[in-house]
Amino acid sequence: MTATTPRSPKPPSNPPPKPLSGLLAVLVRIERMGNKLPHPFWLFGVLSVVLALASWALSAAGASALNPATDKTVTVHSLVSGEGLRMMIDDAVTNYATFPPLGTILVVMLGVSVADRSGLLPAMLRAAVARVPAKWLTFTLAFSAMVAHVASDAAYVVLVPLGAMAFRAVGRSPMLGAVVAFVSVSAGYDASPLVTPTDAVLAGLTTAAAQTIDPDYVVTPLSNYFFSIGSSVVLALVVTVVTEKVIARRVAAMPEEDESVEHETAEHETAEDEGTVDELTLRDEERRGLRRAGLALLVYAALIVAVMIPSGSPLRGEGGSIVQSPVLTGIAVVLAVAFLIVGAVYGRLVGTVRTARDIPDHMAKGLREMAPILVLFFAISQFLAYFKWTGVGEVMAIRGADLLESAGITGPVAFLGVLAVCTVINLLVTSGSAQWALVGPVFVPMFMLLDIPPEVTQAVYRIADSCTNAATPMSAYFVMTLGVIQRYRRSAGIGTLLSLTLPLCLAMLVTWTLLFYAWWALGIPLGPGVPVR
């Protein structure tokens, strides 16, 4: 299931209302600005040059700050020096090899690749929406998208066309199904009832940022797990309510296409009806494969729990701690093995895993798709290493914390600042890891000095990094979704898709923010052993 190449849209039958016209004009300017930005790889290269010049100027000016956490004075070191040049050359390989998210994401993806390539993940998504009653379809599709985040960007490719087909199968607008799937995957990208590769990447970057203040601080992929579970349910409900009360009416009120397009679309739908049902319906062996995979997962989980029960178990942490156990601190390995087992069991039954050799082949193919992010990680790892070595980030964080404290700005107000800044940046820099690598080294240490844990700052960032994903034409998947809805409405353009996604994005942003504040005010742990304050 892949999207067709977007056709050139026809002018809409009716001009959009003035508020929407103004909003579209702003988005067009944002799109043009974003298109002028270099690839994130070169963006971090440019930022490294800017950092070198800034470190030189600040070092010459004698910039420094007293770190209250260590009672040591932090001074800025210049990259434009012999020492700086030696560091950049000598440590380049080490910077990359020890980059916290690198090993974690690679290990997790070894298992996820087997589950994906075996067909398990797509089958799970199809099973979730295939026989759902029409009245529950919107929520089921939205929540399935939250689960689908475990497949990273593959969730878009599978679920957006699948959502359109599912809605058409129950007599509803396929455009609506595509929009529900797209918004749920993109605007809810950092929420899931499962631990996802994104959790591993963000945790690694947050750890690197936190260690500028506390060298021993470690943020695990489970650091926001409880909040992520709650968020996935709440966001799926928000998508359901707004879709049924607003978006469905907006789609129904759209002017009819001209007769030739209607006729062609009707013929297209008639020809595909049988194929649509076939694509949604699981074969008998797929159903058996899902049952066997589920049973294998239960056995795997039961074995881990059984081994952890004895107080002296090697899977417990110091003093018998469960929170600091190897199962949680090494969650990447546990997850990788889980995905590998269920993917292999499913693939063996349906025929996608015939021999033992197929498993490493699936792993290799999955890691091959990781090549773009591995290239980006090299640039990010060097920039963060320079940032830490110069001391610029630490000085900025200390000065910023002092400024906030002297102004009487507390956590709740500071959180809004992070949300506003990152939400705007997200319209231009759509890579969540790239954006967090850019702002995390400032915000995380700054808030640590205000006694706000890194996990809390990361939770705030997750909201800002997600909600505007479905409202920016800078996203490749925005264009892909536009191609999908143009199958059903030829005149659909960027404005059409924005008019359908914006209400959902804004509702999710407001609700998710309120959920975080309620979570924070009640002191509910964000994850296992992670106090919210």
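The preceding data block contains the structure.
Our subject in this report is the structure included herewith. (Residues numbered from 1 in each chain as written. Predicted model: local features only at pLDDT ≥ 70, side-chain atom pairs only at ≥ 80, totals over all residues. Heavy atoms only, no water.)

1. Quick look at the overall build of the chain
Part 1 of the reasoning: Scanning the chain for helices and strands turns up 23 helices and two strands.
Part 2 of the reasoning: Counting only residues that meet the buried cut, the chain has 51% of its 533 residues in that class.
Part 3 of the reasoning: Within the chain, contacts between residues at least 6 apart in sequence are counted, and of these 79% link residues at least 24 apart.
Part 4 of the reasoning: On the chain, roughly 23,600 Å² of surface is accessible, and the fraction owed to carbon and sulfur atoms is 65%. (Helix = DSSP H or I, 4+ residues; strand = E, 2+ residues; numbered from the N terminus. Buried < 20%, exposed > 50% of the residue type's maximum accessible area, 1.4 Å probe, protein only. Contact = heavy atoms within 4.5 Å. Areas by Shrake-Rupley, 256 points an atom, 1.4 Å probe, with all protein chains shown as cover.)

2. A word on the environment of L498
Part 1 of the reasoning: Checked against the element boundaries, L498 lands in helix α23 (residues 494–522).
Part 2 of the reasoning: Linking L498 and V179, residues 319 residues apart in sequence, is a C-alpha distance of 9.9 Å.

3. Points about the nonpolar core
In a soluble, globular protein the nonpolar side chains are often hidden away together inside.
Part 1 of the reasoning: Within the largest apolar cluster, 139 residues are counted, with the highest numbers of intra-cluster contacts made by L159, F227, I380, F415 and F516.
Part 2 of the reasoning: Element by element, the count of residues in this core is highest for α23, at 14 residues.
Part 3 of the reasoning: Grouped together as the second largest cluster of nonpolar side chains are 11 residues, Y300, I304, V327 and L335 included. (Core = buried A, V, L, I, M, F, W, Y, C linked by side-chain atoms within 4.5 Å.)

4. Quick look at the packing of helix α6 (residues 120–130) against helix α7 (residues 137–148)
Part 1 of the reasoning: With their axes 9 Å apart at the nearest point, α6 and α7 run at an angle of 165° to one another. Overall, the two elements α6 and α7 adopt an arrangement that is roughly antiparallel. When you trace α6 past α7, the crossing you get is right-handed. Packed against α6, whose contacting residues are L125, A128 and V129, the element α7 presents L137, T140, L141, S144 and A148 at the interface.
Part 2 of the reasoning: Taken together, the residues that form the contact of α6 with α7 break down as six nonpolar, two polar and no charged. (Axes fitted to C-alpha atoms, helices over the stretch in contact; angles between N-to-C directions. Parallel < 35°, antiparallel > 145°, perpendicular 65-115°, else oblique. Left-handed = near helix turned anticlockwise from the far one by under 90°. Nonpolar A, V, L, I, M, F, W, Y, C, P; charged D, E, K, R; others polar.)

5. Structural notes on the pattern of salt bridges
Side chains bearing opposite charge may pair, as long as their charged atoms lie close to each other.
Part 1 of the reasoning: Using the criterion set out here, one finds five salt bridges in the structure.
Part 2 of the reasoning: A salt bridge links R283 to E285, with the nearest nitrogen and oxygen atoms 2.7 Å apart.
Part 3 of the reasoning: According to the relative accessible area criterion, R283 is partly exposed, its value standing at 42%.
Part 4 of the reasoning: On the basis of relative accessible area, E285 is assigned to the partly exposed category, the value being 26%.
Part 5 of the reasoning: When the shortest N-O distance is used, the salt bridge between E286 and R283 registers 3.5 Å. (Salt bridge = Lys/Arg side-chain N within 4 Å of Asp/Glu carboxyl O.)

6. Focus on the packing of aromatic side chains
Part 1 of the reasoning: Summed over the entire model, instances satisfying the criterion amount to 19 aromatic pairs.
Part 2 of the reasoning: Between F383 and F387, the ring centres sit 5.6 Å apart and the planes meet at 25°, which makes this aromatic pair stacked. With F383 and F387 both in helix α17 (residues 371–390) and four residues apart, the pair spans about one turn of that helix. Residues F383 and F387 agree in their burial class; the two are buried.
Part 3 of the reasoning: Considering the side-chain rings of F415 and Y517, the 6.3 Å spacing of their centres and the 55° angle between planes classify their relative orientation as tilted. Here F415, found in helix α19 (residues 411–428), pairs with Y517, found in helix α23; they are 102 residues apart in sequence, far enough to count as distant.
Part 4 of the reasoning: Each member of the aromatic cluster is reached from another via a ring pair, and the members are F227, F415, F443, F447, F516, Y517, W519 and W520. (Phe/Tyr/Trp six-rings, centres within 6.5 Å; stacked < 30°, edge-to-face > 60°.)

7. Some points on the side chain of T206
Part 1 of the reasoning: Position of T206 among the secondary structure elements: in helix α10 (residues 197–210).
Part 2 of the reasoning: At 2.7 Å, the side chain of T206 and the backbone oxygen of L202 are in polar contact.
Part 3 of the reasoning: Excluding anything up to four places from it in sequence, T206 contacts V219, W436, V444, P454 and Q458. (Polar contact = N/O pair within 3.5 Å; in protein donor to acceptor, adjacent residues only side chain to side chain.)

8. Some details on unusual backbone geometry
Part 1 of the reasoning: Even without being glycine, D451 reaches a positive phi, approximately 65°.
Part 2 of the reasoning: Inspection of the secondary structure puts D451 in the loop between α20 (432–448) and α21 (454–467).

9. Quick notes on helix α2 (residues 40–60)
One turn of the α-helix equals 3.6 residues, which is why residues spaced by three or four share an orientation.
Part 1 of the reasoning: Compared with the 30 Å implied by 1.5 Å per residue over 21 residues, the 30 Å span of α2 between its first and last C-alpha is a close match.
Part 2 of the reasoning: Within α2, burial applies to L43, F44, S48, L51, A52 and S55.
Part 3 of the reasoning: Contact partners of the buried residues in α2: α17, α18 (392–406) and α20.
Part 4 of the reasoning: Two residues or fewer after α2 comes G62, characterised by a positive phi angle close to 75°. (Expected span 1.5 Å × (residues − 1).)

10. With respect to the packing of helix α8 (residues 154–169) against helix α9 (residues 174–186)
Part 1 of the reasoning: Relative to each other, α8 and α9 sit at 150°, their axes nearing to 6 Å. Classified by the interaxial angle, the pair formed by α8 and α9 is roughly antiparallel. The interaxial crossing formed by α8 with α9 has right-handed handedness. The segment α8 lies against α9, with A155, Y156, L159, V160, G163, A164, F167 and R168 engaging P174, L176, G177, A178, V180, A181, F182, V185 and S186.
Part 2 of the reasoning: When the residues that make up the contact of α8 with α9 are grouped by side-chain class, the tally is 13 nonpolar, three polar and one charged.

11. A short note on the state of the cysteines
Part 1 of the reasoning: The full count for this structure, using the stated rule, is zero disulfides.
Part 2 of the reasoning: The closest cysteine sulfur to the non-disulfide-bonded C467 is located on C505, 7.3 Å from its own sulfur. (Disulfide = S-S within 2.5 Å.)

12. Concerning the pairing of strand β1 (residues 64–67)
Part 1 of the reasoning: Alternating positions in β1 separate cleanly, A65 and N67 being buried on one face and S64 and L66 remaining unburied on the opposite face.
Part 2 of the reasoning: Note: β1 against strand β2 (residues 72–75), four bridges, orientation antiparallel. Looking across to β2, one finds that L66 is bridged to T73. (Pairing = 2+ DSSP bridges.)

13. Thoughts on the side chain of H149
Part 1 of the reasoning: Looking at the secondary structure, you find H149 in the loop between α7 and α8.
Part 2 of the reasoning: Its relative accessible area of 1% is what places H149 among the buried residues.
Part 3 of the reasoning: Side-chain polar atoms of H149 contact the backbone oxygen of A191, separated by 2.6 Å.
Part 4 of the reasoning: Ignoring any residue separated from it by four or fewer positions in sequence, one finds H149 in contact with S184, V185, G188, Y189, A191, S192, T196 and P197.

14. Regarding α17
Part 1 of the reasoning: Between its first and last C-alpha, α17 extends 29 Å over 20 residues, near the 28 Å set by a 1.5 Å rise per residue.
Part 2 of the reasoning: When we look at burial in α17, the residues that qualify are L376, F377, A379, I380, S381, Q382, F383, L384, A385, Y386, F387 and T390.
Part 3 of the reasoning: Following α17 by one or two positions, G391 adopts a phi angle in the positive range, close to 85°.

15. Some remarks on the environment of P101
Part 1 of the reasoning: Mapping P101 onto the fold places it in helix α5 (residues 100–117).
Part 2 of the reasoning: Here the alpha-carbon distance between P101 and L205, two residues 104 residues apart in the chain, equals 6.4 Å.
Part 3 of the reasoning: Setting aside residues no more than four positions away along its own chain, P101 makes contact with A200, V201, G204, L205 and F377.

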